[in-house]
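# Observations on chain architecture
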Amino acid sequence: MDLSAINPVLLIASLMVAATPLLFAAIGELVVEKSGVLNLGVEGMMIIGAVAGFATAVESGSPLLGFVAAAGAGAALSILFAILTQYAQANQVASGLSLTLFGLGLSALMGQSYVGIKPPQMQKLDIPLLSDLPVIGPILFGHDLMLYVALMLIAAVWAVIKFTRIGLVLRAVGENHDAAHALGYKVVRIRIIAILFGGACAGLGGAYISLIRVPQWTEGMTAGIGWIALALVVFASWKPWRVLLGAYLFGGVTVVQLNLQAAGVAIPVEYLAMSPYLITILVLVILSADKSSAPAALGRNFHAAR
Amino acid sequence: MTEVLLSLKGLTKAYPGVVANDSVSFDIGAGEVHALLGENGAGKSTLVKMIYGLVKPDSGEMLLRGAPFAPNEPRQARADGIAMVFQHFSLFDALNVAENIALGMENPPKMGDLASRIREVSEAYGLPLDPYRTVGDLSAGERQRVEIIRCLLQDPKLLIMDEPTSVLTPQEVEILFQTLQKLRAEGTSILYISHKLEEIRTLCDHATILRLGKNVGECIPAETSASEMAELMVGAALTPPMRGKRDLGEVAMDISGLSVPAPSAFGTALRNVHLTVRRGEILGIGGVAGNGQDELLSVLSGEVLTDSDAVKLGRAPIGHLGPVARRQLGVLAAPEERLGHAAAPDMSLTENAMLTGATREGLVKNGFLKWTAAKDFAERIIKDFDVRTPGPENAARSLSGGNLQKFVIGREVLQRPEVLVVNQPTWGVDASAAAAIRQSLLDLAAGGAAVICISQDLDELMEISDTFAALNEGRLSSPRPAEGLTVEEIGLMMGGAHGMEVAHV
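## Observations regarding helix H4 (residues 92–110) of chain A
Think of an α-helix as 3.6 residues a turn; residues three or four steps apart then line up on the same face. Residue and element names in this part refer to chain A. Taking 1.5 Å of rise per residue, the 19 residues of H4 would be expected to cover 27 Å, and the 26 Å separating its terminal C-alpha atoms lies within 8% of that figure. All of the buried residues in H4 are Gln92, Ser95, Gly96, Leu99, Thr100, Gly103 and Ser107. On an axial view of H4, the arc spanned by its buried residues comes to 140 degrees, and they lie on one face. Set apart from the buried face of H4 by more than 90 degrees, the exposed residues are Ala94, Leu101 and Leu109. Turning to H4, the residues buried within the fold contact helix H2 (42–60) and helix H3 (63–87).

Structure, rendered in structure tokens:
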């Protein structure tokens, strides 16, 4: 066992990378749930994003174009969910679950010819001087563009929900859709936009896995990150900054346990592998003990009655 | 009448199977308080929804100050100076007062400015309100203030109020009326929807009466007696329930020192509740909604379990028994929410009859259902309580609110309860059906059962109950004989104006 091989700077830098897919998926789902919709199809939208982004990046040679395609693909899949739940009034839980199963199957089909290929690499940020700083350089200024996009997305969602009218209307729709309708807000339209946003974010998260974190395409490679994102939103009490905290915690424990495995610590691998899930949920459960503030209309379908 | 503000001409709106409004015409003058009277289902709500742009009329037209007016959505109606205070408040519990108000405005100012304007306007109209409080923590009266101020901030020409007093204590009603009179003096028209005739007589200048979607008459309320208006509303003379002589027997149910924590974040905790009800007695429990009514019912019915000694049937402790065991002993309950709590919406009336009647009516044998007996029982309820439905095989959801209410009450009454607990027994029921339900409760008590009637309708409680107590923030006032109680006394038992002082300007 050799713990000295673990470099704390690299560890922090790589936990940020490990956390980013989760961050994308969770912040998207947070917006969806704030509007009162429970979309359990995050995993499906992520994997579709992963394969669409991968394929586009390989064919075009541009990882950035890959991300654009991933967002589009995730949003496209979420349209299916939106039609089912917002127009056909289908049950949200069942629709979400089938979206995940559908996404997993479809991605396996689409990705058949891409197994074993290396995607084009995304350029890392390289700011002269700043990126060369010791410790701070690799942690803050040495990542790819999308990682910063995810962080900015968290900040933006927080600010929009807290300070803007759009955010207020979004919360209102998720809180009491009947009242929002009575005041003349377009409940269905607002929810569909939120669902599309959530789909696009999940797609980006998926592509981050296949293009940057791994980077290659294998079937079912999202490996439950979508489900963790769903749990994360709940345990973060629908607060963007807690999502960030939870995601980094999850990423951190994941990276640490990988390092420990590599260092040959005398703990069975299975325990190490399950530790990120356990620890993240445990910490967030303790954090969310104050007052759970679920949107009151979460998961309830809206009929514009009479 | 002076200048006409809004004129309705032949408004018609039909829904599948029912004509909600059939060629309704009337005028609302500038600066008048116009009452819209009618029973539940008379089409009042549909009519105001058309004025507010939530529903489009099939035919007919509206003129606002002589110009055609056809709002496509509430936004447009608001822009034209029409504001509405909803019957079921259109508020968001988790948001604060200022946010709630901002949601109802077209171009809300910045939050800071809005908060100070809320303070200004609320003081000016004697409705003080803290803009930063969370709405979920406010009393019903305060919530209504939020809605009214949301309307006032937009300088409305016409303020629509849909049953505004149904959730208020008498003291709160008084404050509201002062506000409305002030608004009228400033030239704002008010369309006031209610079925409380005395209120309309004191407040309104003019009244239009709807029955089954048609305008059946207009009157000057101050010059018309309440019974004349009631007859116009119902279309027939009403027979008030007959109160027979009853002898009170031994104590049937006894609750002492009962405290139960709130079941949910916006629920109410019961605090040190004492009550006794004797055989042959009707105990009326008043109070504004959300002061512990649902919680009290669930403690009595056995949905919430307590210490076994906290609830006693006669001398036997039953606090630890669930609903089925209590039903066996004769403690029956009819909760307020018809669809989902008192009845399963998508199950047939036979199945619904079986759900609560199984033990006492012997509808189950060795775990098997006795369908014929259940159907007979359901048919008996339908017949005895005049439930209007093609037959017991229809789903509970397909019945109108009033008819389902008759079924729900009838189902319990026919099971010969020892103690019957009802919550809002005539909520949403038309006047003649309500009279029938009240009569059946009186008959039940005359037969020696104890009845606990929880209701927000004070007139109803005064009509049937022997003793009266009020719930306020989970505390039950000490019961007093109902006879001779004045409105002021009742209001004070209900908590007065809930600390809402009128600001003196």
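Here the narrative resumes, following the displayed structure.
## Concerning the confidence of the model for chain A
In the predicted model, chain A carries a mean pLDDT of 89, and the fraction of residues at 70 or more is 97%. The least confident element of chain A, judged by mean pLDDT, is helix H5 (residues 136–140) of chain A at 79; the most confident is helix H9 (residues 187–213) of chain A at 96.

## Here's the deal with the sheet that holds strand S7 (residues 158–162) of chain B
All names here are of chain B. Spatially, S6-S7-S8-S3-S9-S10 is the arrangement adopted by the six strands of the open sheet, whose pairing is mixed. Lying at the two open borders of the sheet, with one neighbouring strand each, are strand S6 (82–85) and strand S10 (214–219). Taken over all neighbouring pairs, the strand axes of this sheet differ in orientation by 20 degrees on average, direction set aside. Relative to strand S8 (residues 189–194), S7 is paired through five bridges, and the arrangement is parallel. Bridge pairing in S8 places leucine 158 opposite serine 189. Seen against the sheet, helix H5 (residues 140–152) touches S6 and S7 and runs at an angle of roughly 180 degrees to S6. Lying over the sheet, helix H8 (residues 226–234) contacts strand S3 (33–37), strand S9 (206–211) and S10, oriented at roughly 35 degrees with respect to S9.

## Considering the confidence of the model for chain B
For chain B, mean pLDDT is 85; residues scoring 70 or higher make up 95% of the total. At the level of chain-chain contacts, confidence expressed as ipTM amounts to 0.78, with global pTM at 0.74.

## Points about the sheet that holds strand S12 (residues 270–278) of chain B
Pairing is antiparallel in the open sheet, where four strands are placed in the order S12-S11-S14-S15 (chain B). Each edge of the open sheet carries a strand with a single partner, namely S12 and strand S15 (316–317) of chain B.

## A few points about unusual backbone geometry
Look at glutamine 89 of chain A: it is not a glycine, yet its phi comes out positive at around 55 degrees. The residue glutamine 89 of chain A is located in the loop between H3 and H4 in this model. On the basis of neighbour count, glutamine 89 of chain A is assigned to the exposed category, with 11 C-beta atoms found within 10 Å. Phi angles above zero are rare outside glycine, and asparagine 272 of chain B is one such case at about 45 degrees. Of note, asparagine 272 of chain B is situated in strand S12. Given 11 C-beta atoms within 10 Å, asparagine 272 of chain B falls into the exposed group.

Rules used throughout
Sequence order sets the numbering: in each chain, residues are counted from 1 along the sequence as written. Each chain gets a letter, beginning with A, and each ligand a number, beginning with 1, in the order they are written. Since the coordinates come from a predicted model, pLDDT governs what is reported: local features require at least 70, and pairs of side-chain atoms require 80 or more to be given and counted, while whole-chain, interface and lining totals use all residues. By the criteria applied, helices consist of DSSP H or I runs no shorter than four residues and strands consist of E runs no shorter than two, each listed in order from the N terminus. To estimate the expected span of a helix, subtract one from its residue number and multiply by 1.5 Å. With C-beta atoms placed from the backbone, a residue is buried if 20 or more other C-beta atoms are within 10 Å of its own, exposed if 12 or fewer are, and partly exposed between those counts. Think of it as the arc spanned by the lines of direction from the helix axis to the C-beta atoms. Each residue is represented by a C-beta atom placed from its backbone, and any two residues with such atoms within 7 Å are regarded as in contact. Confidence scores labelled pLDDT are given residue by residue by the predictor and lie between 0 and 100. Any two strands with at least two DSSP bridges between them are considered paired. An axis is simply a line fitted to the C-alpha atoms; with a helix, the fit covers only the stretch in contact. Between two such axes, the angle follows the N-to-C directions and lies from 0 to 180 degrees.

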